[in-house]
Amino acid sequence: MKVEIRKKLDLEVVGIKRLDNLGEIDYLFSTRGGTSEMERLDFDRKGFNDGEVKRSYIAAANSFGVDVADIFVSNQVHGSEVLSLIERPKKNEMFGVIEIDGVVTNLSKIVLVVLTADCVPVLMADVKTGVIGAVHAGWRGTVAGISAVAVKTMVDSFGSKREDIVIVFGPAIGPCCYKVGDEVVETIKKRFSSSKKYLLETVGEGFKLDLFGLNRFLLREAGVPDGNIVSSGLCTHCNPELFYSYRREGAQTGRMMSAIMLR
Ligand SMILES: [Zn+2]
């Protein structure tokens, strides 16, 4: 089994074998937590002053052995830019201020975070040098190539070698459920000659998009060996007991945290 639901201190998380035992690299993919009020998890930063969200962030910090102030949360804007964090952001820039969808660093004791409820959370780890990255890849970011941009940033800013970078896709809406409209279909067809592989057509139902597959394609194109790319394969929409889903529950749904840190 490459995936299992397990505990990371007080958090219910998705464990991915490939990211376990990577020495100084620690990570998590949260679920929506348990059924009791104290076990529920929600990382929607806009609700930070709610008890539940604050408690979730504290639990995440504890699970990494750091303070909440060490968690770096950007303001995700569905873009394709990646921030190369060569020094720690100022205190007032750590939470929801910097508009960016990908972050890469070699700094320790700073937790890189992606918040999602259907988009693909991508965690990256250079297993040789400890450079880490976190990327938010919805359809716009995916098509704009954000995962490949993050790989390039690891190489250009920190000297990573592509063959040393392990990349994991956390839970996201799968090709089983991700119906897309004309705008998305046309964009994908225009951008990718192999679009048929990633746009699955069902008669009477229109198209469904395989975001996992598309990100894998782009990463391979960027020079990452296929064997280094691991997909959780978990669909947020299919698993209501485990995950929030924007498509299923609407805008008021909670957010899962995917996070990575160098100890
Ligand atoms: Zn599904």
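Nothing here was measured: the structure is a model prediction, and the numbers come from that model. (Residues numbered from 1 in each chain as written. Predicted model: local features only at pLDDT ≥ 70, side-chain atom pairs only at ≥ 80, totals over all residues. Heavy atoms only, no water.)

Trainee: Can you break down the coordination of the zinc ion residue by residue, with the values?
Mentor: Around the zinc ion, the protein contributes the donor atoms Cys-176 (SG), Cys-177 (SG), Cys-235 (SG) and Cys-238 (SG), at 2.2 to 2.3 Å from the metal centre. Because the angles between the four donor atoms bound to the zinc ion fall within 102 to 117°, the donor set is best described as tetrahedral. Counting along the primary sequence, the residues that act as donors to the zinc ion give the motif C-C-x57-C-x2-C. Within this pair, whereas Cys-177 is found in the loop between β11 (165-169) and β12 (179-180), its partner Cys-238 is found in the loop between β15 (229-231) and α6 (246-249), the two being separated by 61 residues in sequence. For Cys-177, a relative accessible area of 16% translates into the label buried. (Donors = N, O, S within 2.8 Å, 3.2 Å for Na, K, Ca; no water. Tetrahedral: all angles 85-135°; square planar, octahedral: opposite > 155°, others 65-115°. Helix = DSSP H or I, 4+ residues; strand = E, 2+ residues; numbered from the N terminus. Buried < 20%, exposed > 50% of the residue type's maximum accessible area, 1.4 Å probe, protein only.)

Trainee: Would you mind going over the environment of Thr-31 in detail, with residue names and values included?
Mentor: Counting through the fold element by element, Thr-31 comes out in the loop between β3 (25-29) and α1 (51-64). In the structure, Thr-31 is positioned 26 residues away from Ile-5 in sequence and 8.5 Å away in space, judged by C-alpha atoms. The residues touching Thr-31, leaving out its near neighbours within four places in the chain, are Ile-5, Glu-12, Val-13, Val-14, Leu-41, Leu-242, Phe-243 and Met-256. There is a polar contact of 2.6 Å between the side chain of Thr-31 and the side chain of Glu-12. (Contact = heavy atoms within 4.5 Å. Polar contact = N/O pair within 3.5 Å; in protein donor to acceptor, adjacent residues only side chain to side chain.)

Trainee: So what about the sheet that holds strand β9 (residues 120-126)? Which residues, and what values?
Mentor: Strand order in this open sheet of six strands is β5-β7-β10-β9-β11-β15, and the pairing throughout is mixed. Looking at which strands have only one partner, the edges of the open sheet turn out to be β5 (82-85) and β15. Averaged over all pairs of adjacent strands, the angle between strand axes in this sheet comes to 15°, irrespective of strand direction. Relative to strand β10 (residues 132-137), strand β7 (residues 102-105) is paired through four bridges, and the arrangement is antiparallel. By the bridge assignment for β10, Val-104 is matched with Gly-133. Contacting β5, β7, β9, β10 and β11, helix α3 (residues 146-158) crosses the sheet at an angle of about 25° to β5. Against the sheet, helix α5 (residues 211-221) contacts β9, β10, β11 and β15, and its axis sits at roughly 175° relative to β15. (Pairing = 2+ DSSP bridges. Axes fitted to C-alpha atoms, helices over the stretch in contact; angles between N-to-C directions.)

Trainee: Give me the lowdown on the nonpolar core, citing residues and values where you can.
Mentor: In terms of nonpolar packing, the biggest core is built from 41 residues, with Met-124, Ile-167 and Leu-209 touching the most fellow members. Those elements that provide at least two residues to this core are β9, β10, α2 (139-143), α3, β11, α4 (182-191), β14 (206-209) and α5. Contact partners of Ile-167, with chain neighbours within four places excluded, come to Val-122, Leu-123, Met-124, Val-151, Leu-219, Val-224, Asn-228, Ile-229 and Val-230. (Core = buried A, V, L, I, M, F, W, Y, C linked by side-chain atoms within 4.5 Å.)

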